[in-house]
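Observations on the three-dimensional arrangement
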Amino acid sequence: MDTQPGRQRCAADADEVRGICVRHDRRADALIEILIDVQHARGCVADADVGVIAEALNLSLAEVHGVRSFYADFSTTPKGRCVVKLCRAEACQSVGSDALAEQLRARLGVEFGQTSRDGMHTLEAVYCLGNCALGPAAMVNGRLIGRADSERIDAMITEVGND
Amino acid sequence: MTEPVNAWLPADAAALSVGADAVAAALVTEAARRGVELRLKRTGSRGMMWLEPLLEVEVDGVRAGYGPLSPEDVPSLFAADFPAAESHPRCVGLVEEIPFLARQQRLTFARCGIIEPLDLDAYQAHGGLAGLQRAAGMAPERIVEAVTESGLRGRGGAGFPAGIKWRTVLEQAADRKYVCCNADEGDSGTFADRMLIEGDPFTLLEGMVIAGFATGASEGLVYVRSEYPHAIATLRRAIELWRDKGLLGADVLGSGRAFDITLRRGAGAYICGEESSMLESLEGRRGEVRVRPPIPAISGLFARPTVVNNVLTLATVPLLLADAAAPTRYAALGEGRSTGTQPFQLAGNIRRGGLVERAFGITLRELIEDFGGGTLSGRPVRAVQVGGPLGAWLPASSLDVAMTYEALAGVDAMLGHGGIVVFDDSVDMARMAEFAMAFCAEESCGKCTPCRIGAVRGAETLQKVRRGEHVADNIRLVEDLCEVMTDGSLCAMGGLTPMPVLSALKHFPEDFAPADDARTHHAAQVTS
């Protein structure tokens, strides 16, 4: 079943996924690389994509589904246009990331792991962004923010929105 | 027209996270406006994170620093006597004389923050490739001997002697062997792998090729976590550059030996920092831990003999091969069986956070107080977690412990990957103990029962403790559960999660007794 709302799956979609598999020489050991590329190109790894990948790599549906569901980076439905990740690990907790988490939930109107109804924002918890001397650390669409607070995250959301 | 000004500004992710790119843009604009010829190079970070973005400019052949800079500081910087703008409020003097840096012993990080990460000529001018060039003419056994002699131990956390691991791989007869670099640096409080890959990636590549020469492996893989997009981009370009220059490929440096390196990305699973789980992931599967034996050195990636080493271990190898006396010099540093230097990482609630490379044996107090300057909040240090989320919590009274594998084991702690996370007196240690269990529940691969179920039950039981329900009974239950997890788990994830839990219980018992209980307990003692 197609999990992408409002989007008709067509042969071109499958071709795009198949093309990614071919770029990785259809190697089963490159499955995670393939899933990363599919997630990046299509915003998620939908159930239909799992079938295409399984066929291209000569794996079972269960194997591909199992890998997709193991790794936190893969989602079955598209994420928001702006993905806000906040580090919830110890080093960032020591400088107030829990309070910042509450502010972000209220500000974006979503729980961690959820996407806002308008498809604009996704809020995610991550465990370490490797910026532990300048915490709290956050990441907005791949842009790292040190000494993060609501204002700095807001500014980055606006900035990536204008990109 | 004035003299050209040589300047360096980090493009390290930490520096970017506090606006380094905006500072660079402001510098270029302002220099153009004033007709100053600015030769701005983007480097890795020196590891003095509280000073980022830290601009360095050449004054009389040495580098003076300005930081932390914001774009608004730039016009006044030029208005002062730039580049020698000593009177500017952001001037921090000569960079190499800043005590935080001057008191370090930079070996593994010797070039980080100094050269442009992808400038091969600068790399060589600063001692790069000396180890590889020498190793290319050595018998594999001699390379292994040099690493063994240096006493280098695995910097990923387990601390296993690198030379012994390499010898095991060398002794295996196989059609293919692999060198796998673990760059899945997931521990909170650690960023040394990231800094090295972004600041001096050739060192890692050089160490991997030498590992290949030493063990007969011809393929290398680096597993980098997806949370490090900057490191991934830099490493990818470094690998391409080395292929173009013939430093990777069918005939490395004309030695007749082949070695190539592939970059593989992780996808958000902490457990993939565990070596057998990483190997599963590299084979394209769920990152589920493997049962040992066999060890990876005998049967690792695709069931072939495999060297699995951390970034810092491999990045230290080139300097050990640079000349015949290098292993002895390295082994002379440190204490006992903890030889050489360790890149410690000061993180969390700390005034001067960053990377401190020092010989083993420095005390935790020196690191936190002398280098780190105490807490960022200015409140007293109460608890320090050493060695990542699976490491022990130490109280302020334990800070005089020497940072060696052995001394830390002596206080039921471990070095791990060298991360040090400082908390002030506002921390609730019962909450941190619950977090340790909850993190394990979140990140467990699910293969073994003590970890998969134990972590969930552990978090639930600690919640009850925090709510004040049958506190003494529930603490006993947690301690019993910790014993099962320690003894029964397949890997360090379940096996070491009890370390932060039990150390929090041991050193901070007052946080686990709700106010009422504590009063009752006290009253009982008084009346008995």
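Parameters at a glance
Residues numbered from 1 in each chain as written. Chains lettered and ligands numbered in written order. Predicted model: local features only at pLDDT ≥ 70, side-chain atom pairs only at ≥ 80, totals over all residues. Heavy atoms only, no water. Helix = DSSP H or I, 4+ residues; strand = E, 2+ residues; numbered from the N terminus. Buried < 20%, exposed > 50% of the residue type's maximum accessible area, 1.4 Å probe, protein only. Contact = heavy atoms within 4.5 Å. Phe/Tyr/Trp six-rings, centres within 6.5 Å; stacked < 30°, edge-to-face > 60°. Lys NZ or Arg CZ within 6 Å of the ring centre and 35° of its normal. Patch = residues over 30% accessible without salt bridge, like charges linked within 9 Å, V, L, I, M, F, W, Y side chains within 5 Å. Areas by Shrake-Rupley, 256 points an atom, 1.4 Å probe, with all protein chains shown as cover. Salt bridge = Lys/Arg side-chain N within 4 Å of Asp/Glu carboxyl O. Lys, Arg positive; Asp, Glu negative; His and termini not counted. Charge placed at Lys NZ, Arg CZ, Asp CG, Glu CD. Pairing = 2+ DSSP bridges. pLDDT = per-residue confidence, 0-100. Expected span 1.5 Å × (residues − 1). Arc of directions from axis to C-beta. Domains from an automatic or database assignment. Axes fitted to C-alpha atoms, helices over the stretch in contact; angles between N-to-C directions. Left-handed = near helix turned anticlockwise from the far one by under 90°. Nonpolar A, V, L, I, M, F, W, Y, C, P; charged D, E, K, R; others polar. Buried area = accessible area lost by both parts, 1.4 Å probe. Polar contact = N/O pair within 3.5 Å; in protein donor to acceptor, adjacent residues only side chain to side chain.

1. What to know about the overall build of chain A
A tally of regular secondary structure across chain A gives 7 helices and 5 strands. Helices (α) and strands (β) of chain A occur, in sequence order from the N terminus, as α-α-α-α-β-α-α-β-β-β-β-α. In terms of overall dimensions, chain A has a C-alpha envelope of 50 × 30 × 25 Å along the principal axes. Each of the 163 residues in chain A was classed as buried or not, and the buried ones make up 53%. Sequence separation of at least 24 residues holds for 56% of the intrachain contacts in chain A that already meet a minimum separation of 6.

2. A short note on the packing of aromatic side chains
Using the criterion set out here, one finds 14 aromatic pairs over all chains in the structure. When the centroid spacing of 5.0 Å and the interplanar angle of 70° are considered together, the rings of Phe 70 of chain A and Tyr 71 of chain A count as edge-to-face. Taking the relative accessible area as the measure of exposure, Tyr 71 of chain A reaches 1% and is therefore buried. Geometrically, the ring pair formed by Tyr 270 of chain B and Phe 439 of chain B is edge-to-face, given 4.9 Å between the ring centres and 70° between the ring planes. Residue Tyr 270 of chain B is found in the loop between β8 (260–265) and α12 (275–282), and its partner Phe 439 of chain B is found in helix α17 (residues 429–443); the two are separated by 169 residues along the sequence. These aromatic residues form a ring-pair network of at least three members: Tyr 127 of chain A together with Tyr 270, Phe 435 and Phe 439 of chain B. In this structure, Arg 88 of chain A packs its charged tip against the face of Phe 112 of chain A, placed 4.8 Å from the ring centre. Across from the ring centre of Phe 371 of chain B, 4.9 Å away, lies the NZ or CZ of Arg 103 of chain B, which sits over that ring.

3. Side note on a negative patch on the surface
Residues and elements named next belong to chain B. Taken together, the side chains of Glu 479, Asp 480, Glu 483 and Asp 487 present a region of like negative charge at the surface. Relative to the assigned elements, Asp 480 resides in helix α19 (residues 471–488). Judged by relative accessible area, which is 45%, Asp 480 ranks as partly exposed.

4. Comments concerning the pairing of strand β13 (residues 354–359) of chain B
Residues and elements named next belong to chain B. For β13, the tally of buried residues reaches 6 of 6 residues, placing the bulk of the element in the interior. Inspection of the sheet shows strand β12 (residues 341–348) paired to β13 by 6 bridges, in the antiparallel sense. The residue bridging Leu 346 from the neighbouring strand is Gly 354, located in β13. If you look at the hairpin formed by β12 and β13, you'll find 5 residues sitting between the two strands.

5. Structural notes on the pattern of salt bridges
On inspection of all chains with the given rule, the structure shows 52 salt bridges over all chains. When salt bridges that share partners are traced, they join Asp 13, Glu 16, Arg 42 and Asp 49 of chain A into one network.

6. So, the confidence of the model for chain B
The predicted structure's coordinates, where accompanied by low pLDDT, should not be read in detail. All names here are of chain B. Across chain B, the average pLDDT comes to 96, with 97% of residues at 70 or higher. Every residue in residues 518–528 scores below 50 in pLDDT, and together they form 1 contact with partners more than four places removed in sequence or on other chains. In the predicted complex, the global pTM is 0.96; the interface-specific ipTM is 0.94.

7. Quick word on α19 of chain B
Residue and element names in this part refer to chain B. The end-to-end C-alpha distance of α19, which contains 18 residues, comes to 25 Å, matching closely the 26 Å that a straight helix rising 1.5 Å per residue would cover. Those residues of α19 not exposed but buried are Val 471, Asn 474, Ile 475, Val 478, Leu 481, Cys 482 and Met 485. Along the axis of α19, the buried positions cluster into a sector of 120°, meaning they face one direction only. Exposed residues lying more than 90 degrees from the buried face of α19 are Arg 476, Glu 483 and Asp 487.

8. Remarks on unusual backbone geometry
Residue Pro 136 of chain A is bonded to the preceding Gly 135 of chain A through a cis peptide linkage, with omega at -5°. The residue after Glu 52 of chain B, namely Pro 53 of chain B, is reached through a cis peptide bond having omega -5°. Look at Cys 128 of chain A: it is not a glycine, yet its phi comes out positive at around 90°. With respect to the element layout, Cys 128 of chain A can be found in the loop between β3 (121–126) and β4 (138–140). In this structure Cys 128 of chain A comes out as buried when scored by relative accessible area, which is 1%.

9. Things to note about the domain arrangement of chain A
Splitting chain A by domain gives domain 1 (14–70) and domain 2 (82–161). Between the C-alpha centres of domain 1 of chain A and domain 2 of chain A there is a distance of 29 Å.

10. What to know about helix α7 (residues 140–150) of chain B
Residue and element names in this part refer to chain B. Every buried residue belonging to α7 is among Ile 143, Val 144, Ala 146, Val 147 and Ser 150, and all of these are buried. Summarising the axial view, the buried residues of α7 lie within an arc of 155°, below the 170-degree limit, and thus occupy one face. Of the residues trailing α7, Gly 151 is marked for its positive phi of about 75°.

11. Quick notes on the sheet that holds β3 of chain A
Strands belonging to one sheet form pairs held by backbone hydrogen bonds; the direction of such a pair is parallel or antiparallel. Residues and elements named next belong to chain A. Sheet architecture is open: 5 strands sit in the order β2-β3-β1-β4-β5, paired in mixed fashion. Each edge of the open sheet carries a strand with a single partner, namely β2 (114–115) and β5 (143–145). Across 2 bridges, the pairing between β2 and β3 is antiparallel. Its bridge partner lying in β3, Gln 114 is registered against Leu 123.

12. Let's talk about the packing of helix α1 (residues 11–23) of chain A against helix α2 (residues 31–42) of chain A
Residue and element names in this part refer to chain A. Between α1 and α2, whose axes approach to 9 Å, the crossing angle comes to 145°. The handedness of the crossing between α1 and α2 comes out as right-handed. For the pair formed by α1 and α2, the contact residues are Asp 13, Glu 16, Val 17, Ile 20, Cys 21 and Arg 23 on the first element and Ile 34, Asp 37, Val 38, Ala 41 and Arg 42 on the second. Across the contact of α1 with α2, the residue classes break down as 6 nonpolar, no polar and 5 charged.

13. Re the interface of chain B and chain A
Across the contact, 59 residues belong to chain B and 39 residues belong to chain A. Counting each side, the surface lost to burial between chain B and chain A is near 3,600 Å², with a carbon and sulfur contribution of 57%. Of all residues in chain B, Arg 265, Ala 267 and Arg 286 of chain B give up the largest surface area on contact with chain A, accounting jointly for 17% of the area buried on that side. Scanning the region where chain B abuts chain A turns up 4 salt bridges. Our count for the contact surface shared by chain B and chain A stands at 24 residue pairs in polar contact (both at pLDDT 80 or more). Across the side of chain B that touches chain A, the residue classes break down as 29 nonpolar, 17 polar and 13 charged.

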